[in-house]
Amino acid sequence: QVQLVESGGGLVQAGGSLRLSCAASGRTFSSYGMGWFRQAPGKEREFVAGISWSGGSTYYADSGKGRFTISRDNAKNTVFLLMNSLKPEDTAVYYCAAQDTKVVLTGPWEYDYWGQGTQVTVSS
């Protein structure tokens, strides 16, 4: 069982940066693949970035390539999403997710554990 709590969201101007954090409970965090997803009003939840259990593999949706960086600190049971050059279309609720897997997963249906989400609003 893993419990996830996101933080770091907020209001930022276009071009700005935010770093989201996801703190996980549970002693087996280091064995979980992690993902960040987002959901804008009226839209489906979409994959943003994922990282393998060791941090050795990462994968990004095209929308975030070159702007977003996912990382993890297994000693602190935390995964991060650094978002640079933010755009108004990045506005959404951002969720972290965890799954007991060695690979990076991109589908929301593939994750069993979810946080409550953190709001990111980018003004133009």
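Before reading on, note that the structure itself is shown above.
Going along each chain's sequence as written, the residues are numbered from 1 onward. Local features are withheld for residues below a pLDDT of 70 in this predicted model, meaning they are given only at 70 or higher, and side-chain atom pairs are given and counted only at 80 or more; totals for whole chains, interfaces and linings count all residues. The basis for every side-chain value is the complete set of non-hydrogen atoms in the structure, without hydrogens or water.

## Re the packing of aromatic side chains
For step 1, the next point in the chain: In this analysis, rings of Phe, Tyr and Trp, with Trp reduced to its six-membered ring, are considered paired at centre separations within 6.5 Å, and the interplanar angle assigns stacked below 30 degrees, edge-to-face beyond 60, and tilted for intermediate values. The full count for this structure, using the stated rule, is seven aromatic pairs.
For step 2, the next point in the chain: When the ring of Phe-37 is compared with that of Tyr-111, the centres are 5.4 Å apart and the planes differ by 80°; the resulting orientation is edge-to-face. With Phe-37 in strand β4 (residues 33-39) and Tyr-111 in the loop between β9 (92-99) and β10 (113-114), this pair connects stretches of sequence that are 74 residues apart.
For step 3, the next point in the chain: Summary of the burial criterion: residues with accessible area below 20% of their type's maximum are buried, those above 50% are exposed, and those between are partly exposed, where the area comes from a 1.4 Å probe applied to protein chains only. For Phe-37, a relative accessible area of 0% puts it in the buried group.
For step 4, the next point in the chain: Of the aromatic side chains, those joined through ring pairs into one cluster are Phe-37, Phe-47, Tyr-59, Tyr-95, Tyr-111 and Trp-114.
For step 5, the next point in the chain: Any Lys NZ or Arg CZ found within 6 Å of a ring centre and within 35 degrees of that ring's normal is scored as a charge over the ring. The positively charged end of Arg-45 is found above the aromatic ring belonging to Trp-114, 4.8 Å away from the centroid. Numbering of helices and strands runs from the N terminus; a helix is a DSSP stretch of H or I covering at least four residues, while a strand is a stretch of E covering at least two.

## Points about the sheet that holds strand β7 (residues 68-73)
For step 1, the next point in the chain: DSSP-based pairing: two strands are paired if at least 2 bridges between them are found. Reading across the sheet, the four strands line up as β1-β3-β8-β7 and stay open at both edges, with antiparallel pairing between neighbours. Edge positions in the sheet fall to β1 (4-7) and β7, since each has one partner strand and no second. Strand-to-strand twist in this sheet, taken as the mean axis angle between neighbours without regard to direction, amounts to 15°.
For step 2, the next point in the chain: Where β1 meets strand β3 (residues 18-24), four bridges bridge the pair, whose relative direction is antiparallel. Within β3, the position partnered with Leu-4 by the bridge is Ala-24. An axis is simply a line fitted to the C-alpha atoms; with a helix, the fit covers only the stretch in contact. Between two such axes, the angle follows the N-to-C directions and lies from 0 to 180 degrees.

## With respect to the side chain of Glu-6
For step 1, the next point in the chain: On the secondary structure map, Glu-6 appears in strand β1.
For step 2, the next point in the chain: Within the buried set, Glu-6 has no salt-bridge partner at all; the shortest N-O distance to an opposite charge, 7.4 Å, is to Arg-45.
For step 3, the next point in the chain: Polar contact is defined as a pair of N or O atoms within 3.5 Å, subject to the rule that within protein one atom must be able to donate a hydrogen and the other to accept it, and that residues adjacent in sequence are counted only when both atoms are side-chain atoms. For Glu-6, the side chain forms a polar contact with the main-chain nitrogen of Gln-116, separated by 3.0 Å.
For step 4, the next point in the chain: There is a polar contact of 2.9 Å between the side chain of Glu-6 and the backbone nitrogen of Gly-117.
For step 5, the next point in the chain: Only heavy atoms matter for contacts: two residues are in contact if any of them lie within 4.5 Å across the pair. Ignoring anything within four residues of it in the chain, the contact list for Glu-6 reads Ser-21, Cys-22, Trp-36, Tyr-94, Tyr-95, Cys-96, Gly-115, Gln-116, Gly-117 and Thr-118. Under this rule, positive means Lys or Arg and negative means Asp or Glu; His and the chain ends count for nothing. A pairing counts as a salt bridge when a side-chain nitrogen of Lys or Arg comes within 4 Å of a carboxyl oxygen of Asp or Glu.

## Examining the state of the cysteines
Each disulfide consists of one covalent bond between the sulfur atoms belonging to two cysteines.
For step 1, the next point in the chain: Cysteine sulfur pairs qualify as disulfides if the two atoms are within 2.5 Å. Tallied over the full model, the rule gives one disulfide.
For step 2, the next point in the chain: Disulfide partner of Cys-22: Cys-96, at an S-S distance of 1.9 Å. The disulfide joining Cys-22 to Cys-96 has a torsion of about 45° about its S-S bond and is therefore right-handed. With a gap of 74 residues between them, Cys-22 in strand β3 and Cys-96 in strand β9 connect regions that are remote in the sequence.

## Comments concerning the pattern of salt bridges
For step 1, the next point in the chain: Enumeration according to the criterion identifies four salt bridges in this entry.
For step 2, the next point in the chain: Across the pair Arg-38 and Asp-90 runs a salt bridge whose closest N-O atoms are separated by 2.9 Å. Note that Arg-38 is positioned in strand β4 and Asp-90 in the loop between β8 (78-83) and β9, a separation of 52 residues in sequence.
For step 3, the next point in the chain: Since its relative accessible area comes to 1%, Asp-90 is described here as buried.
For step 4, the next point in the chain: Two residues, Arg-67 and Asp-90, come together in a salt bridge whose shortest N-O distance is 2.7 Å. Taken as a pair, Arg-67 in the loop between β6 (58-60) and β7 and Asp-90 in the loop between β8 and β9 lie far apart in primary sequence, 23 residues in all.

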